[in-house]
Amino acid sequence: MSLPPLTTVFCIGFPENWILGIDIFYFNSTPKFNGVKLIPSGLHTFHWGANLDSVRSGKFFVSHSNESQLIILKWDQTQEAVLTESDIGELDVSAIKSRLGDAYRFMIVYDDLKRETLQKAEREFHDLDWEALTHHIDAATIARILPKSNIISSTSTTAHENEILRKSLLDAAKDRANKSRDVSDKEVAEDEIIRTLVDKDVEELRFIEIDIRKKVESESSRQGRDLTNIYLDKSWYLIDLIKNVGSFQNFLGEFELAFILLQLFANYSGALQWFKIVQLFLGCEEFFSVKVSESLKFLSLFKMHLKSIVLDYFDQFWDTKAFTTMIVGFHENIYSPEGWQVNPKVMQVSEEIFKLCESKFGISFPHKSQYELLPEDENEDGPTVVDL
């Protein structure tokens, strides 16, 4: 059978009054809910959860204007899980597709849902734009970072986090076993809990690993001042990471995807990656000075994220003191006479970010005059000259 135009998400059996959503548009399920149709081109995610406090899950997909695509999601009461086409079985999929024609006319039109949501939303919401929030995320970024199924949840973790957990479970299993009898490493490795975790590779998030304390490989040959600059300015490390993911656009795509996982799914791994990227970027003096266009793109995204982020998440996922220290440190780097030399446009967007941090998060910044250098005879903390 021929498929309807654009992308259709066909939903079967979703419980009543669940909180469903596509992108940043939410609605409650009803007994007659069959799905969403005429989804325009671009990246999208259909997500679901029983209520505001439950684990939220979702499926990411890319829609194309010149292709028809059908995504099937079926609630299985026995497993208490949403099944995709690969989980359902060929015969059941054929039966579901045969019902598409009858169900299609009762589906929600994407643009209608978007318009109704914006009409009901608060004024701030009108500035939010799904296309802008996901502008740099393409199919390759999704394939690189998300599990093969493109389904994630609030509890999805990275390979690095799972390795730490696996090691902890392995050590705990050895301790338990050694208390009762001698046990081989092979027997411990076959512990059911550990095997379950080890077998979860395909479900892991694959964010690029970021180590803020990363050291340059050839630092042993560096001189004192050069070595200090390397520690303070992480531009060299940021450039290495950008090369690793292929391009600056791909790096911004990862930044955007991390934020979407945080904002829509309250996903800790996404929140942590987002914070690491911000922390790294705001410590790159040379990059801000040389790569003006790229810096403006990052700062504009950062401002958009800060404007739209759920305040509860801000307190839940990060140490408020650490975030405040980071953003106040960036403020000092921008305004201190001995600080960074940045482009006026970079300065303008940075000022907008500082004002937003003051109004939304209650962060206090020193007055610019406090960064002015004291005359030498008034600088009590300055170096003391000793006559020898």
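It should be noted that the structure appears before, not after, this text.
What comes next is a walk through the structure. Predicted model, so just to flag it, every value in this text is computed and none were measured. (Residues numbered from 1 in each chain as written. Predicted model: local features only at pLDDT ≥ 70, side-chain atom pairs only at ≥ 80, totals over all residues. Heavy atoms only, no water.)

Here's the deal with the nonpolar core
In a soluble, globular protein the nonpolar side chains are often hidden away together inside. Phe46 and Trp274 are the most contacted members of the largest nonpolar core, which totals 91 residues. Element by element, the count of residues in this core is highest for helix H12 (residues 248-265), at twelve residues. Once you skip the residues sitting within four places of it in the chain, Trp274 turns out to touch Phe255, Ala258, Phe259, Phe302, His305, Leu306, Trp318 and Phe323. Ranked by size, the runner-up nonpolar core spans twelve residues in total, among them Phe10, Ala103, Tyr104 and Met107. (Core = buried A, V, L, I, M, F, W, Y, C linked by side-chain atoms within 4.5 Å. Buried < 20%, exposed > 50% of the residue type's maximum accessible area, 1.4 Å probe, protein only. Helix = DSSP H or I, 4+ residues; strand = E, 2+ residues; numbered from the N terminus. Contact = heavy atoms within 4.5 Å.)

Remarks on the packing of helix H13 (residues 268-281) against helix H15 (residues 292-308)
Here H13 crosses H15 at 135°, and the two axes come no closer than 12 Å. Taken together, the axes of H13 and H15 lie oblique to each other. You can see that H13 and H15 cross each other, and the crossing is left-handed. The residues of H15 that touch H13, namely those facing Trp274, Ile277, Val278 and Phe281, are Ser295, Phe298, Phe302, His305 and Leu306. Counted by class, the contact of H13 with H15 contains seven nonpolar, two polar and no charged residues. (Axes fitted to C-alpha atoms, helices over the stretch in contact; angles between N-to-C directions. Parallel < 35°, antiparallel > 145°, perpendicular 65-115°, else oblique. Left-handed = near helix turned anticlockwise from the far one by under 90°. Nonpolar A, V, L, I, M, F, W, Y, C, P; charged D, E, K, R; others polar.)

Digging into the packing of aromatic side chains
This structure, assessed with the given rule, holds 33 aromatic pairs. A centroid spacing of 6.0 Å and a plane angle of 10° characterise the contact between Phe255 and Trp274, whose relative ring orientation is stacked. Residue Phe255 is found in helix H12, and its partner Trp274 is found in helix H13; the two are separated by 19 residues along the sequence. Overall, the relative accessible area of 0% leaves Phe255 in the buried class. Between Tyr335 and Phe354, the aromatic rings sit 6.0 Å apart at their centres with planes inclined by 50°, giving tilted as the arrangement. Of this pair, Tyr335 sits in helix H17 (residues 320-335) while Phe354 sits in helix H18 (residues 344-361), placing them 19 residues apart in sequence. Each member of the pair, Tyr335 together with Phe354, is buried. (Phe/Tyr/Trp six-rings, centres within 6.5 Å; stacked < 30°, edge-to-face > 60°.)

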